[in-house]
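# Understanding the architecture of this molecule
Take a look at the letters that make up each chain.
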Amino acid sequence: MKASRVLGKIININKDLYTVMVNDSVFPCYVRGKLRGVKLTVGDDVIISSDTLTIEEVKPRKNSLVRPLISNIDKLFIVISTHIPEFSTYLLDKFLVLSYINNIEPVIIVTKLDICDKLEKREVIRCLKYYKKQGYKVFINKDIRKIKREMRGCVVALAGQTGAGKSTFLNRIDKSLNLKTGEVSTHLGRGKHTTRMVSLIPIKDALVADTPGFSSLEIDATNEEIRNAFVEFGFKCKYSTCTHVKDDGCFVIERVKKGVILRSRYENYLKLIKER
Ligand SMILES: Nc1nc2c(ncn2[C@@H]2O[C@H](COP(=O)(O)OP(=O)(O)O)[C@@H](O)[C@H]2O)c(=O)[nH]1
Ligand SMILES: [Mg+2]
Ligand SMILES: [Zn+2]
């Protein structure tokens, strides 16, 4: 007899209709019984009955983002523009902290290097080298082949400002997608909102969330967690509890002064712990 209980993943939610992907098929499902009232999200792994097309059980989540609402993300692709919207190490560091806190592997994807002037480009590349040295994966958006390899078999969420080039990038990954891309408004370097609903799109053998641009993301973490997210601060300081704020022999501050730690990293850290 064919098993009617199968494991799948919610890839879209539209009112009370849940699209659940099982292997390569999709099933339109509803929620009934004891799961009523449980907030399900895109990315949830669920057991469905393939007879009645109802969701019967939800598996524990490995992580969950609130805005956009999505769960079980393997990799956060941080799409960062280097020119309109202006290159922002603050945004980059904020997303890196976010992925650290939520136990999601970050992958930095740089866009618009082609429209940077020489000076800008040199500065951006110098900065990115630093991130690479700390162990982060950094790709330029034209490195399609390498990025595809990075996506294989993963649930990938895209983070980045509106206008950063997320949809353009996905269209390059899969030419049949034809996602709408927006022109960038020059006001404050922000673009128009062109991507709204969060859903997981099967691309090759990955599931990708083309999320709305979000730049005002809030981080739900303690100062200590934020400090730990700055991986290069993680060595014995004068005191093990040092928050690297006071210049009283703090090794981190010393290293910032020597140019070993990127100043913007340190400044962004201070900004992030003050912000709360
Ligand atoms: N020159 C240049 N333009 C880009 C690049 N990536 C995206 N764009 C343009 O930037 C605008 C916003 O891109 P879009 O993909 O809609 O950004 P999204 O809001 O992050 O999805 C569009 O006009 C794209 O054509 C890039 O690498 N270089
Ligand atoms: Mg878009
Ligand atoms: Zn310190």
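Below is a summary of the structure that appears in this document. Just so you know, these numbers come straight off a predicted model, no measurement behind them. (Residues numbered from 1 in each chain as written. Chains lettered and ligands numbered in written order. Predicted model: local features only at pLDDT ≥ 70, side-chain atom pairs only at ≥ 80, totals over all residues. Heavy atoms only, no water.)

### Regarding the site of ligand 1
As a matter of local geometry, ligand 1 sits amid 16 residues, with D114, N141, G163, K166 and T168 nearest to it. With respect to ligand 1, the side chain of N141 contributes an N or O atom lying 2.8 Å from an oxygen atom. Within the backbone of K166, one N or O atom sits 2.8 Å away from an oxygen atom of ligand 1. The fraction of the free accessible surface of ligand 1 (580 Å²) that becomes covered by protein chains is 85%. A breakdown of the residues in the shell around ligand 1 according to their chemical character gives 3 nonpolar, 9 polar and 4 charged. (Near = heavy atom within 4 Å. Polar contact = N/O pair within 3.5 Å; in protein donor to acceptor, adjacent residues only side chain to side chain. Areas by Shrake-Rupley, 256 points an atom, 1.4 Å probe, with all protein chains shown as cover. Nonpolar A, V, L, I, M, F, W, Y, C, P; charged D, E, K, R; others polar.)

### Thoughts on the nonpolar core
Counting 67 residues, the largest nonpolar core has V20, I55, I108 and Y131 as the members making the most contacts within it. At 7 residues, the largest contribution of residues to this core is made by helix 1 (residues 89–101). Filtering out sequence-adjacent residues up to four positions away, I108 remains in contact with I78, I80, L92, L96, Y131, Y136, K137, V138 and F139. Within the second largest apolar cluster, 19 residues are counted, among which are M151, C154, L158 and I173. (Core = buried A, V, L, I, M, F, W, Y, C linked by side-chain atoms within 4.5 Å. Buried < 20%, exposed > 50% of the residue type's maximum accessible area, 1.4 Å probe, protein only. Helix = DSSP H or I, 4+ residues; strand = E, 2+ residues; numbered from the N terminus. Contact = heavy atoms within 4.5 Å.)

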